[in-house]
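# Coordinate analysis (summary)
Chain by chain, the residues run as shown.
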Amino acid sequence: MVARPKITICIPHWQVGRYMTLCLRSIRKHSLKYNLDVLVVDNGSKDDSLAYLRSLGWIRLVERPEEVHTNWPRNVFTAWDYAVRHSDAPYFVSMHSDVFIKSDHWLDPLLREIERSPSVAASGAWKLELEHPLYRWQKHVLGYTTAQLKTLFGRRRAIYWQQGHYPRDYCAMYRREIIARHDLTFLGVNGYSGGSHSIAQQLIDAGYQMGMVDVREMSQHLVHVAHGTAAIVPEKPLNHRRAQKKVERKVARLLSERWIKSLEADAALDGLRFAA
């Protein structure tokens with residue numbers, strides 16, 4: 001039997017107990033075939049969600065009580081940086097708390113793409129929700145203009161023009177040792193915005209490639225409620241009322257689906273451990 005590679009998954013958290021319950025139970029239910037190390041970094045939660053996380057024996061919980069929600073998204077990026085440097089796994093997966101797994105093969109596409117070549121340092125998909133064509137065209141034009149300016153001033157071309165879409169950090173896999181060896185960070189550096197854009201661009205600057213998974217394939221394995229926290233955390237509303245109402249309706253529909261209700265009712269998943 002081929003040994004399963006160890007995979008560290010890091011999920012930053014702040015007072016979204018319902019999401020974290022669903023996220024973690026879905027991981028536990030659909031990951032029997034994988035060798036996982038699940039790390040949750042709590043960024044100063046003060047509600048009962050922290051007690052729930054403390055009760056789970058199959059995760060590693062890192063508590064950062066000094067953090068506050070107004071330090072978002074920086075504390076999300078530093079949580080992933082912490083996990084990279086406190087793991088011995090060859091692969092690292094960044095994840096959001098509003099990602100829910102629905103397939104026993106959910107990591108297979110990420111492993112397939114990242115293992116195509118040693119030069120592939122990251123794998124994942126773009127946003128699961130399709131963008132409006134006009135918005136996509138605007139980003140293409142902006143990407144081209146930015147690329148030309150970067151080339152003019154001696155900088156590498158922007159990632160979205162040079163190599164297409166990069167893996168989004170709601171669920172992306174990285175070669176952990178490469179990030180650690182080159183001392184890369186999820187924080188915004190060198191003019192790159194933080195998170196998946198920053199880390200992907202740094203990897204490309206270092207000579208590595210991205211392994212992209214088609215969004216249609218990715219959506220067969222998981223659901224990502226983009227900006228889902230805004231629907232259940234009053235302290236983190238979206239800036240636009242229309243967008244806020246849209247995400248609230250989206251979350252309400254998802255939470256009413258049968259497979260989600262089944263996860264909420266299956267408390268036995270909390271006490272189970274991954275096989276050694």
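In short, a report on the structure. This is a predicted model, so every value here is computed, not measured.

## Quick word on the overall build of the protein
The helix and strand tally for the protein stands at 12 helices and nine strands. Considering the protein as a whole, with its 276 residues, one finds that 50% of them fall into the buried category. In the protein, of all internal contacts separated by at least 6 residues, the share reaching a separation of at least 24 is 74%.

## Side note on the environment of serine 193
Summarising the element assignment, serine 193 is placed in the loop between helix H7 (176–181) and helix H8 (196–205). Discounting residues that sit within four places of it in the chain, serine 193 has contacts with Gly188 and Ser198.

## Re the state of the cysteines
Each disulfide is one covalent bond, formed between the sulfur atoms of two cysteines. Under the criterion given, the structure shown has zero disulfides. The thiol of cysteine 23 is not disulfide-bonded; the next cysteine sulfur, from cysteine 171, is found 9.0 Å away.

## Side note on the nonpolar core
Core analysis: the largest hydrophobic core is formed by 75 residues, its most contacted members being Leu24, Trp106 and Leu203. If we ignore the near neighbours within four places in the chain, the residues touching leucine 203 are Ala121, Ala122, Tyr174, Ile178, Leu184, Tyr208 and Met210.

## Overview of the sheet that holds strand E4 (residues 91–95)
To summarise the sheet geometry, strands pair through backbone hydrogen bonds and adopt either a parallel or an antiparallel arrangement. Taken in spatial order, the seven strands of this open sheet run E3-E2-E1-E4-E7-E6-E8, and their pairing is mixed. The sheet terminates laterally at strand E3 (60–63) and strand E8 (209–212), the two strands that pair on one side only. Strand-to-strand twist in this sheet, taken as the mean axis angle between neighbours without regard to direction, amounts to 20°. Relative to E4, strand E1 (residues 6–13) is paired through four bridges, and the arrangement is parallel. Bridging from a neighbouring strand, threonine 8 pairs with phenylalanine 92 of E4. Strand contacts of helix H1 (residues 17–29): E1, strand E2 (35–42) and E4, with the helix running at about 170° to E1, the strand carrying the most contacts.

## A few points about the side chain of histidine 13
In this structure, histidine 13 sits in strand E1. A polar contact is formed between the side chain of histidine 13 and the side chain of aspartate 42, at a distance of 2.7 Å.

## Side note on the packing of aromatic side chains
For any pair of aromatic rings, the description rests on two quantities: the centre-to-centre distance and the angle between the ring planes. Evaluated as defined, the whole model comprises seven aromatic pairs. An angle of 90° between the planes, with centres 5.5 Å apart, marks the rings of tyrosine 174 and phenylalanine 186 as edge-to-face. In this pair, tyrosine 174 sits in strand E7 (residues 171–175) while phenylalanine 186 sits in the loop between H7 and H8, placing the two residues 12 residues apart along the sequence. Assigned by exposure class, tyrosine 174 and phenylalanine 186 land together as buried. A cation over a ring is seen here: arginine 168 above tryptophan 126, with NZ or CZ 4.7 Å from the ring centre.

## Here's the deal with the pattern of salt bridges
For the structure shown, the criterion picks out 13 salt bridges. Linking arginine 25 and aspartate 270 is a salt bridge whose minimum nitrogen-to-oxygen distance equals 2.7 Å. Separated by 245 residues along the polypeptide, arginine 25 in helix H1 and aspartate 270 in helix H12 (residues 268–271) bring together distant segments of the chain. Overall, the relative accessible area of 14% leaves aspartate 270 in the buried class. Linking lysine 33 and aspartate 108 is a salt bridge whose minimum nitrogen-to-oxygen distance equals 2.9 Å. A residue pair is termed long-range when its members are at least 10 positions apart, and lysine 33 in the loop between H1 and E2 and aspartate 108 in helix H4 (residues 108–114) qualify at 75 residues. Taking relative accessible area as the criterion, lysine 33 reaches 36% and is therefore assigned partly exposed. Within this structure, Arg112, Glu113, Arg116 and Glu217 form a network of salt bridges that share partners.

## Thoughts on the environment of leucine 263
Summarising the element assignment, leucine 263 is placed in helix H11 (residues 258–265). Its relative accessible area of 2% is what places leucine 263 among the buried residues. Placed 234 residues apart in sequence, leucine 263 and lysine 29 show a C-alpha to C-alpha distance of 8.8 Å. In contact with leucine 263, not counting residues within four places along its chain, are Leu22, Arg25, Ser26, Lys29 and Leu269.

Parameters at a glance
- Residues numbered from 1 in each chain as written.
- Predicted model: local features only at pLDDT ≥ 70, side-chain atom pairs only at ≥ 80, totals over all residues.
- Heavy atoms only, no water.
- Helix = DSSP H or I, 4+ residues; strand = E, 2+ residues; numbered from the N terminus.
- Buried < 20%, exposed > 50% of the residue type's maximum accessible area, 1.4 Å probe, protein only.
- Contact = heavy atoms within 4.5 Å.
- Disulfide = S-S within 2.5 Å.
- Core = buried A, V, L, I, M, F, W, Y, C linked by side-chain atoms within 4.5 Å.
- Pairing = 2+ DSSP bridges.
- Axes fitted to C-alpha atoms, helices over the stretch in contact; angles between N-to-C directions.
- Polar contact = N/O pair within 3.5 Å; in protein donor to acceptor, adjacent residues only side chain to side chain.
- Phe/Tyr/Trp six-rings, centres within 6.5 Å; stacked < 30°, edge-to-face > 60°.
- Lys NZ or Arg CZ within 6 Å of the ring centre and 35° of its normal.
- Salt bridge = Lys/Arg side-chain N within 4 Å of Asp/Glu carboxyl O.

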